[in-house]
Amino acid sequence: PVTIFPHILSFDTPATTPGTGVPTNAGVTGTTDWERIPDPANGGFAFYVGTGKTPTAATGPRNDYSGKGNYIYSEGNYGIAPISAIFASKCLDLTGMTTPSIEFMYHMVGVDIGALALQVVPANSNAWVNIPGASITGAVQTASIDQWKYFKADLTTWAGQVIKIRFVAQKTGLGSASDIAID
């Protein structure tokens, strides 16, 4: 399990490689602590690694949060709604922590975006639960050039436990405008 905190996940490390938004070149996240479900190589609605604009029209950010790096995003060109893409952590050991939290930047523009939700599962459980207050519904930005938004979720309920966390990007519309980005 991950035991060193803060656990900073950057998509701008030398191990990260952006892709081109197609299953045969989905990019490499550069982390072994998190996984993409489903694997984007299978051609479904999944998380891809991007830099610059996503390949889908009318959705996705123009750049990452810093304006010059990489990010992950759910590629809306694949999969039939309703469908979800998941980015899930391996075990996170929150033993000894009293007020754990998770912080990230997000960008959500597109008419086919359903939601971005954070869920947690404690060790020795198979039941994923929504983190209270950690669901963002529908498009938040109106254009790819809009600023990224900051989000912080309180994990105090799970302080002292070993957990897994997952981001769930949901596509609900009939089209492809559902690129949900995280940085």
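Here's what I pulled together on the structure shown here. Everything quoted here is computed from the prediction, not taken from an experiment. (Residues numbered from 1 in each chain as written. Predicted model: local features only at pLDDT ≥ 70, side-chain atom pairs only at ≥ 80, totals over all residues. Heavy atoms only, no water.)

If you look at soluble globular proteins, the nonpolar side chains tend to sit buried side by side. I102, F104, L116, L118, I131, I165 and F167 are the most contacted members of the largest nonpolar core, which has 32 residues in total. Residue assignment for this core shows that the elements contributing at least two residues are β2 (47-51), β4 (83-89), β6 (101-108), β7 (113-122), β8 (129-137), β9 (149-154), β10 (162-171) and β11 (180-182). In this structure, L116 is in contact with F104, Y106, M108, A134, S135, I136, F167, V168, A169, I180 and I182, ignoring residues within four places of it in sequence. (Core = buried A, V, L, I, M, F, W, Y, C linked by side-chain atoms within 4.5 Å. Buried < 20%, exposed > 50% of the residue type's maximum accessible area, 1.4 Å probe, protein only. Helix = DSSP H or I, 4+ residues; strand = E, 2+ residues; numbered from the N terminus. Contact = heavy atoms within 4.5 Å.)

Now for the packing of aromatic side chains. Evaluated as defined, the whole model comprises 12 aromatic pairs. Both rings, one in F11 and one in F87, keep their centres 6.1 Å apart while their planes meet at 55°; by these two values the pair is tilted. Residue F11 is found in the segment before β1 (34-37), and its partner F87 is found in strand β4; the two are separated by 76 residues along the sequence. Each member of the pair F11 and F87 is classed as buried. Here the aromatic rings of W34 and F87 are separated by 5.2 Å at their centres, their planes lie at 10°, and the arrangement is stacked. Taken together, the positions of W34 in strand β1 and F87 in strand β4 put the pair 53 residues apart, joining distant regions of the chain. Here the two residues W34 and F87 agree in accessibility, since each one is buried. Following the ring pairs from residue to residue traces out a cluster consisting of F11, W34, F47, F87, F104, Y106, F151 and F167. (Phe/Tyr/Trp six-rings, centres within 6.5 Å; stacked < 30°, edge-to-face > 60°.)

Bringing the side chain of D183 into the picture now. Here D183 lies in the segment after β11. Within the structure, the side chain of D183 is placed 3.0 Å from the backbone nitrogen of Y65, a separation counted as a polar contact. (Polar contact = N/O pair within 3.5 Å; in protein donor to acceptor, adjacent residues only side chain to side chain.)

What follows deals with the sheet that holds β9. Judged by pairing direction, the sheet is antiparallel, and its 5 strands sit side by side in the order β2-β3-β11-β6-β9 without closing on themselves. Only two strands of the sheet have a single neighbouring strand rather than two, namely β2 and β9. Here the strands of the sheet are splayed against their neighbours by 35° on average, with no regard to which way each runs. The sheet contact formed by β6 and β9 spans 6 bridges and is antiparallel. Within the sheet, the bridge partner assigned to S101 lies in β9 and is D154. (Pairing = 2+ DSSP bridges. Axes fitted to C-alpha atoms, helices over the stretch in contact; angles between N-to-C directions.)

So, on to unusual backbone geometry. Glycine aside, residues mostly have negative phi, and peptide bonds are mostly found in the trans state. Following I37, the chain continues into P38 via a peptide bond in cis, with omega recorded as -5°. That bond from A81 to P82 is cis: its omega, 0°, falls within 30 degrees of zero. By secondary structure assignment, the location of P82 is in the loop between β3 (70-74) and β4. A positive phi is found at A58, a non-glycine position, where the angle reads about 65°. Note on placement: A58 falls in the loop between β2 and β3. The exposure class assigned to A58 is exposed, which follows from its relative accessible area of 64%. You will see that N124, though not glycine, has its phi angle at about 65°, which is positive. Positionally, N124 belongs in the loop between β7 and β8. On the basis of relative accessible area, N124 is assigned to the exposed category, the value being 87%.

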